[in-house]
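The primary structure of each chain is shown beneath.
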Amino acid sequence: MKILLMEDDLILHEILLEHLIASGHNVTGCEDGQEAETLIFNENFDLLLLDVNVPHIDGFSLVESIRDNGIKTPAVFVTSLNTTKDLKRGYAVGGDEYIKKPFDMDELDVRLLQIQKVFNLNDDLIILPDGRDFDPVSHTIDGKKLRKKESEILHYLLRNVNRAVSAQEFMDNLWAFDDVPSNATLRTYIKNLRQVLGKEMIVTVHGEGFKIETK
């Protein structure tokens, strides 16, 4: 996974960074909420691993802000705030998992594995509804090459199966802040995907967006 790690404790930051990289993840590290916010709006991440008590913008406020801007990247809070009130707030602002400090790396691995399963973030082959294999890493369907952005759109639809994804949500989550495409460009990507997948797999939900339905 491509992970953004926000942790201002330098020792813990290095421990987490080394562990995640050793586990095969692509990790970008930062130490404050302002830097994290800039990274989130300018890059695409699979997962956000966030301390809460950091300078400039705390983790709770950061997630609340990006959710308000349509960014739905899974967010895991790693924090010493461990009261029920803190837990409730973490989930209320849009967090997807909550790890209380102190913790060991085995617990972290278990929590991240669960997030990967829930949000279909594994890099393994994905079986499409028609039985074909989709590889989001090599951007292929049964060996047939897709354009990288088409592959990312398909992967996002599969991570949100049975739910309509709007054009704005695609743009917020798959494009950098300064590289947003036009609606016509997005429709072209969808059209190209339908030529590969078949017209029936990606459904247009008028007024809402596009979705892939499971039978």
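Here, every reference points to the structure presented above.
All of these numbers come straight from a predicted model, not from anything done at the bench. (Residues numbered from 1 in each chain as written. Predicted model: local features only at pLDDT ≥ 70, side-chain atom pairs only at ≥ 80, totals over all residues. Heavy atoms only, no water.)

K.L.:
Would you explain the side chain of Glu152 in this entry?
P.N.:
Structurally, Glu152 is set in helix 6 (residues 148-159). Of the residues examined, Glu152 reaches a relative accessible area of 17% and is grouped as buried. Of the polar contacts made by the side chain of Glu152, one reaches the side chain of Lys149; its length is 2.7 Å. (Helix = DSSP H or I, 4+ residues; strand = E, 2+ residues; numbered from the N terminus. Buried < 20%, exposed > 50% of the residue type's maximum accessible area, 1.4 Å probe, protein only. Polar contact = N/O pair within 3.5 Å; in protein donor to acceptor, adjacent residues only side chain to side chain.)

K.L.:
For this particular structure, what's the right way to read unusual backbone geometry?
P.N.:
For residues that are not glycine, phi is negative in most cases, and the peptide bond is trans in most cases. Going from Lys101 to Pro102, the amide bond is cis rather than trans, its omega being -5°. Along the chain, Pro102 turns up in the loop between strand 5 (97-100) and helix 5 (105-118). For His56, which is not glycine, the phi dihedral falls at a positive 75°. One can find His56 in the loop between strand 3 (47-50) and helix 3 (59-68). Positioned with a positive phi, Asp142 is a non-glycine residue whose angle comes to about 50°. Secondary-structure assignment places Asp142 in the loop between strand 8 (140-141) and strand 9 (144-145).

K.L.:
Where do I start with the packing of helix 2 (residues 33-42) against helix 3 in this structure?
P.N.:
Each pair of packed helices can be described by the angle between their axes along with the distance between the axes. Interhelical geometry of helix 2 versus helix 3 gives an angle of 25° and a closest axis separation of 10 Å. For the element pair helix 2 / helix 3, the angle class is roughly parallel. Judged by the twist between their axes, the crossing of helix 2 over helix 3 is right-handed. Together, Gly33, Ala36, Glu37, Ile40 and Phe41 of helix 2 and Leu62, Ser65 and Ile66 of helix 3 make up the contact between the two elements. The class makeup of the residues in the contact of helix 2 with helix 3 is five nonpolar, two polar and one charged. (Axes fitted to C-alpha atoms, helices over the stretch in contact; angles between N-to-C directions. Parallel < 35°, antiparallel > 145°, perpendicular 65-115°, else oblique. Left-handed = near helix turned anticlockwise from the far one by under 90°. Contact = heavy atoms within 4.5 Å. Nonpolar A, V, L, I, M, F, W, Y, C, P; charged D, E, K, R; others polar.)

K.L.:
It is not clear to me how the packing of aromatic side chains should be interpreted in this structure. Could you clarify?
P.N.:
Each aromatic ring pair is characterised by the separation of its centres together with the angle its planes make. Under the definition given, this model contains five aromatic pairs. Ring geometry for Phe60 versus Phe77: centroids 4.9 Å apart, planes at 85°, classification edge-to-face. Of this pair, Phe60 sits in helix 3 while Phe77 sits in strand 4 (residues 75-79); the two residues are 17 residues apart in sequence, bridging distant segments of the chain. The burial state of Phe60 is the same as that of Phe77; both residues are buried. Between Phe77 and Tyr98, the ring centres sit 6.3 Å apart and the planes meet at 65°, which makes this aromatic pair edge-to-face. Taken as a pair, Phe77 in strand 4 and Tyr98 in strand 5 lie far apart in primary sequence, 21 residues in all. Both residues of the pair, Phe77 and Tyr98, count as buried. Members of the aromatic cluster, connected to one another through ring pairs, are Phe60, Phe77, Tyr91 and Tyr98. In this arrangement the basic side chain of Lys2 is found over the ring face of Phe45, its NZ or CZ atom lying 5.2 Å from the centre. The aromatic ring of Trp175 is capped on one face by Lys149, whose charged end is 4.6 Å from the ring centroid. (Phe/Tyr/Trp six-rings, centres within 6.5 Å; stacked < 30°, edge-to-face > 60°. Lys NZ or Arg CZ within 6 Å of the ring centre and 35° of its normal.)

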